[in-house]
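Close look at the chain arrangement
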Amino acid sequence: MGAGIALAVLATVVWSGSFVTSRALHDTVPPVQHAFWRWIIAIAAVAPFAVRETWRQRRLLREHLRFLLLAALLGVTVYNTLVNQAGTTTTAGNMGMIMAASPVLMAVHERAGGTRLGARRVTGMTVACVGVLLLVSKGSLAMDFAPGDLWIIAGALAFGSYSVLLRRRPPEIGGLPFLFSTFVLGALMLLPAFVVSYAVQGGFEPTAGTVAPLLYVGVVSSAVAFFAWNKAVSVIGAARAGVVYYLQPVCVALLSYALLGEAMGWLQVLCMGLILGGVVLGSARAE
């Protein structure tokens, strides 16, 4: 249990940096190209460790191709592209806050499947949701979303569905073959959109300010974080991992304040306390 929660925390903290990079690159790297190069880098990072085992399991992977395609579509092609698109018109802080809604969908899916959530986890999610709602509405409870907020809401739905889908992963498929195959399939599905984006918007200049963030999201935020998250979900379940995911808006707010200069006042601090309290309560074992 402790190892599973630690892996979920690791993935959440690392992914928080992705929202900051999406916002930082919003005016230099087109969103689709950002996503595409992220996965090309991730494939290159994972390949030395995964190619041999993936080849050994090639028949098994073909048998479950539909499952792999759906996982790749939700977790690779759609989710991160929506995050990058959101970064063009909303703040990194808002992206992190709204993404914290995805664990609610994870828990609803698991409850519909017969999983008992437990009173503590339900209470923890409720407390964390209140914190997220206050953050998004700036304490007024009036939902006035920017276009980027709507993009990230769609991203939250995609990520929540992906996390629940992980629970149905055939146990005979190894972690690395699953990761590598979904990265490759997701990049292939993204390729047509990349070609259109390049033809219409042109490319971007490869400088330290663009290449370094892409290396971060490709190696650390994709290869490392996705492996940690997938393992965490397999160990502790999507609902409990989802509660840990509520740490993300706190991490994003701190990073965006430190790196991008986005404002953080007393309301943000108060809501972070609610979110953290909800995480601690919701991560406890059901009684």
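Structure's up top.
So, here's what we can say about the structure. Note that the structure is predicted; figures quoted are calculated from it, not measured. (Residues numbered from 1 in each chain as written. Predicted model: local features only at pLDDT ≥ 70, side-chain atom pairs only at ≥ 80, totals over all residues. Heavy atoms only, no water.)

1. With respect to the overall build of the protein chain
Going by this rule: Counting from the N terminus, the helices are DSSP H or I runs at least four residues long and the strands are E runs at least two residues long. Only protein chains enter the accessibility calculation, which uses a 1.4 Å probe; a residue is then buried when its area is under 20% of its type maximum, exposed when over 50%, and partly exposed in between. Here, two residues are considered to be in contact whenever any of their heavy atoms come within 4.5 Å of each other. Residue-level accessible areas treat just the shown protein chains as cover; the underlying method is Shrake-Rupley with a 1.4 Å probe.
What the protein chain contains, in helices and strands, is 13 helices and zero strands. Each helix and strand of the protein chain, ordered N terminal to C terminal, gives the series α-α-α-α-α-α-α-α-α-α-α-α-α. Put simply, the protein chain has 287 residues, and 53% of those count as buried. In the protein chain, the share of contacts with a sequence separation of at least 24, taken over all contacts with a separation of at least 6, comes to 90%. Carbon and sulfur atoms provide 68% of the accessible area of the protein chain, an area that totals close to 12,600 Å².

2. Details of the side chain of S221
Secondary-structure assignment places S221 in helix α10 (residues 208-236). Given the relative accessible area of 0%, S221 is considered buried. Residues within four places of S221 in sequence aside, it is in contact with V14, W15, S18, R38, Y216 and F226.

3. Some remarks on the nonpolar core
To keep it simple, the criterion reads: Definition of nonpolar core: a set of buried residues of the types Ala, Val, Leu, Ile, Met, Phe, Trp, Tyr and Cys, connected through side-chain atoms within 4.5 Å.
Core analysis: the largest hydrophobic core is formed by 58 residues, its most contacted members being F19, F183 and W229. Non-local contacts of F19, meaning those with residues more than four positions away in its chain, are made with Y79, V83, A92, M95, G96, M99, I152, Y245, Q248 and V252.

4. Remarks on helix α12 (residues 247-260)
To keep things clear, this is the line we draw: By this rule the span expected of a helix is its residue count minus one, scaled by 1.5 Å.
For α12, which comprises 14 residues, the first-to-last C-alpha distance of 19 Å matches the rise-based estimate of 20 Å (1.5 Å per residue) to within 8%. Within the sequence span of α12, burial applies to L247, Q248, P249, V250, C251, V252, A253 and S256. Positive phi shows up at G261, right after α12, with a value of about 75°.

5. Some details on the packing of aromatic side chains
Formally: Think of it this way: a Phe, Tyr or Trp ring, Trp meaning its six-membered ring, pairs with another when their centres are within 6.5 Å, and the plane angle makes it stacked under 30 degrees, edge-to-face over 60, tilted otherwise. Charges are assigned to positions over rings by a cutoff of 6 Å between ring centre and Lys NZ or Arg CZ, combined with an angular limit of 35 degrees from the ring normal.
Taken as a whole and assessed by the stated rule, the structure comprises 15 aromatic pairs. Between W15 and W229, the aromatic rings sit 5.5 Å apart at their centres with planes inclined by 55°, giving tilted as the arrangement. Taken together, the residues W15 in helix α1 (residues 2-24) and W229 in helix α10 connect sequence positions 214 residues apart. For the ring pair W39 and F226, a centre distance of 5.5 Å and an interplane angle of 80° mean the geometry is edge-to-face. On the criterion of sequence distance, the pair formed by W39 in helix α2 (residues 31-56) and F226 in helix α10 is long-range, its members being 187 residues apart. Since its relative accessible area comes to 0%, W39 is described here as buried. Within the aromatic cluster, the residues linked to one another by ring pairs are W15, W39, Y79, F159, Y162, F183, F226 and W229. Of note, R38 hangs over the ring of W39, and the distance from its end group to the ring centre comes to 4.9 Å. When the ring centre of W55 is taken as reference, the NZ or CZ atom of R58 above it lies at 4.1 Å.

6. Digging into the side chain of Q57
Relative to the helices and strands, Q57 is located in the loop between α2 and α3 (58-63). When sequence neighbours within four positions are dropped, the list of residues in contact with Q57 reads E172, I173, G174 and P177.

7. Re the environment of A158
Checked against the element boundaries, A158 lands in helix α8 (residues 147-166). Each C-alpha atom of the pair A158 and L82 lies 9.1 Å from the other, and the pair is 76 residues apart in sequence. Not counting residues up to four positions away in its chain, the partners in contact with A158 are L74, V78 and Y79.

8. Points about the packing of helix α5 (residues 92-99) against α12
Rules: Working convention: axes come from line fits to C-alpha atoms, limited for helices to the stretch in contact. Angles between N-to-C directions cover 0 to 180 degrees. Relative orientations are named as follows: roughly parallel for angles under 35 degrees, roughly antiparallel for angles over 145 degrees, roughly perpendicular for angles from 65 to 115 degrees, and oblique for any other angle. Gly counts as polar in this scheme, as do all residues outside two lists: the nonpolar Ala, Val, Leu, Ile, Met, Phe, Trp, Tyr, Cys and Pro, and the charged Asp, Glu, Lys and Arg.
Where α5 meets α12, the closest approach of the two axes is 8 Å, and the angle between their N-to-C directions is 175°. Judged by the angle between their axes, α5 and α12 are roughly antiparallel. Counting all contacts with α5, which are made through A92, G93, G96, M97 and M99, the residues of α12 involved are Q248, P249, V252, S256 and L260. Classifying every residue of the contact of α5 with α12 by side-chain character gives six nonpolar, four polar and no charged.

9. A few points about the packing of α2 against α10
How we decide: Handedness of a helix crossing follows the sense of rotation of the near helix relative to the far helix, less than a right angle counterclockwise being left-handed and clockwise being right-handed.
Between α2 and α10, the least distance of the axes is 8 Å, while the angle of their chain directions is 60°. Classed by the angle they form, the pair α2 and α10 counts as oblique. Note on packing geometry: the crossing formed by α2 with α10 is right-handed. Contact with α2, carried on its side by H34, W37, R38, W39, I41, A42, A45 and V46, involves L214, L215, V217, G218, V219, S221, S222, A223 and F226 of α10 and no other residues of that element. The class makeup of the residues in the contact of α2 with α10 is twelve nonpolar, four polar and one charged.

None of this, on its own, says anything about what the molecule does.
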